[in-house]
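The lines below spell out each chain.
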Amino acid sequence: MWGVWLEFVWRVASVFVWVVVGLVAARVLLSRQGLFMGLSRRLGIPASLFLLSLGEARAAHVVLAEHLKTGAVGFRHVLKFSFVTWPLRVVLLHLRLGVVQVAVGSLGVLGLVYLGVVYIPSVVGLALGLWLGRGLRWPEVEAAARGLSAPSVLRTALSVAWRYAVFEAAFLVLDLLGLRVELGWLPLSPEALAVASIAAVRPTLGIMAAAPPYWGGRISGAEVLAALVVGRLVFMALQEFPRSAVQFYGTIYPPRVAARLVAYTAAVLFAATLPVAALLLWLATAKII
């Protein structure tokens, strides 16, 4: 029991530290806006907000939320910014958490394929953001380096950390209640089912668990991908999505705006992932690859 709570405190502290690190990095990046001007122009978003999101995604949305409150930007601006920076958020988060390193290190080329599947929803979100934001004009929305003083960085980090703690505590209680999903119905071998069950609780551990039977030739590449993707889908639906999207938007935007952002993100995430998961399950059971 104490170990669970210590892990909770560690995660909250990590959020605080990473927000501070991200905002300090953003301060450095904002002083070099010219380096990324071309990319931000192609994405159709202000360079300062794009650079701020490179350092700390929450900080960029905090700036947007302030402008939304004053009426300087509308929901369409917020949705476009969220969708076109979605791949960036996911990749930076996975690099920070070691997901990319574990996937490639454990499964090699198959790990790269798995990561490609994982990133499909964010790429779809990017394409939708570019399409939905056609012709969208931005007002003067700036995030200046001078606004990231040491006191403001600490205030922002503390604000984000305590709001994260509230959401995390709620899901910790659900974990302690032992809520789990039975995956025995999947048409996979026992070892692949074990991988899927582990991935449904912790996707990164699922990757590590898949490596020995995969390299030992006991389960195919298709089974590995099917087990990891389905397990991750369950994890996203029950844990990570509420913890990430709901927590992310709900602690920054007004409830109505946050609910719309969560709904749009969920629609893209599951619409892009479910068909791929079904295809992988078919390939695994058909023994095609």
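Refer to the structure printed above.
Residues numbered from 1 in each chain as written. Predicted model: local features only at pLDDT ≥ 70, side-chain atom pairs only at ≥ 80, totals over all residues. Heavy atoms only, no water.

Things to note about helix α4 (residues 57-70)
Two residues of an α-helix separated by three or four positions point the same way, owing to the 3.6 residues in each turn.
Logical step 1: Over its 14 residues, α4 runs 21 Å from end to end, which matches the ideal 20 Å to within 8%, given 1.5 Å per residue.
Logical step 2: Counting buried positions along α4 gives 10 out of 14 residues, so the element sits mostly inside the fold.
Logical step 3: Residues of α4 that are buried: A57, R58, A59, A60, H61, V63, L64, A65, H67 and L68.
Logical step 4: A positive phi of about 90 degrees marks G71, the residue just after α4. (Helix = DSSP H or I, 4+ residues; strand = E, 2+ residues; numbered from the N terminus. Expected span 1.5 Å × (residues − 1). Buried < 20%, exposed > 50% of the residue type's maximum accessible area, 1.4 Å probe, protein only.)

Things to note about the pattern of salt bridges
Logical step 1: All chains considered together, the criterion is met by two salt bridges.
Logical step 2: K69 is paired through a salt bridge with E66; the nearest N and O atoms lie 3.7 Å apart. Of this pair, K69 and E66 both sit in helix α4, separated by three residues, roughly a single helical turn.
Logical step 3: Residue classification places K69 among the exposed positions, given a relative accessible area of 66%. (Salt bridge = Lys/Arg side-chain N within 4 Å of Asp/Glu carboxyl O.)

Quick word on the packing of helix α5 (residues 75-84) against helix α14 (residues 255-286)
Each pair of packed helices gets described by two things: the angle between the helix axes and the distance between those axes.
Logical step 1: The geometry of α5 relative to α14 is characterised by a closest axis approach of 11 Å and an angle of 40 degrees between their N-to-C directions. As far as their axial angle goes, α14 and α5 are oblique. α5 and α14 meet at a crossing whose hand is right-handed. Two secondary-structure elements touch here, α5 through F75, V78, L79 and F83 and α14 through V257, R260, L261, Y264, T265 and V268. (Axes fitted to C-alpha atoms, helices over the stretch in contact; angles between N-to-C directions. Parallel < 35°, antiparallel > 145°, perpendicular 65-115°, else oblique. Left-handed = near helix turned anticlockwise from the far one by under 90°. Contact = heavy atoms within 4.5 Å.)

Topic: the packing of aromatic side chains
Logical step 1: A full pass over the atoms with the stated rule returns four aromatic pairs.
Logical step 2: With a centroid separation of 6.4 Å and 40 degrees between ring planes, the pair formed by Y249 and Y253 is classed as tilted.
Logical step 3: The exposure class assigned to Y249 is buried, which follows from its relative accessible area of 2%.
Logical step 4: In this structure Y253 comes out as buried when scored by relative accessible area, which is 4%.
Logical step 5: Between the NZ or CZ atom of R260 and the centre of the ring of F75, over which it lies, the distance is 3.8 Å. (Phe/Tyr/Trp six-rings, centres within 6.5 Å; stacked < 30°, edge-to-face > 60°. Lys NZ or Arg CZ within 6 Å of the ring centre and 35° of its normal.)

Notes on the packing of α5 against helix α9 (residues 120-132)
Logical step 1: Following both chains from N to C, one finds α5 and α9 inclined at 145 degrees, their axes separated by 7 Å at the closest point. Of the two possible hands of crossing, α5 and α9 adopt the one that is left-handed. On the side of α5, the interface is formed by R76, L79, K80, F83 and V84, while α9 contributes S122, G125, L126, L128, G129, L130 and L132.
Logical step 2: Looking at the contact of α5 with α9 residue by residue, the class counts come to seven nonpolar, three polar and two charged. (Nonpolar A, V, L, I, M, F, W, Y, C, P; charged D, E, K, R; others polar.)

Concerning the nonpolar core
Logical step 1: Ranked by size, the top nonpolar core spans 74 residues in total, and within it Y114, L188 and Y253 carry the most contacts.
Logical step 2: Per-element tally for this core: the top contributor is helix α13 (residues 221-250), with 14 residues.
Logical step 3: In this view, Y114 contacts A103, P203, I207, L225, L228, V229 and R232; residues no more than four positions away in its chain are not counted. (Core = buried A, V, L, I, M, F, W, Y, C linked by side-chain atoms within 4.5 Å.)

Comments concerning the side chain of T273
Logical step 1: Mapped onto the fold, T273 is located in helix α14.
Logical step 2: Setting aside chain neighbours within four positions, we find T273 in contact with P121, V229 and L233.

With respect to the side chain of S82
Logical step 1: Tracing the chain through its elements places S82 in helix α5.
Logical step 2: Beyond its immediate sequence surroundings of up to four residues, S82 is in contact with H61, R89 and Y249.

Points about the environment of R202
Logical step 1: Inspection of the secondary structure assignment puts R202 in the loop between α11 (190-201) and α12 (203-215).
Logical step 2: Placed 33 residues apart in sequence, R202 and F235 show a C-alpha to C-alpha distance of 7.3 Å.

Everything listed here is a matter of geometry and, on its own, says nothing about what the molecule does.
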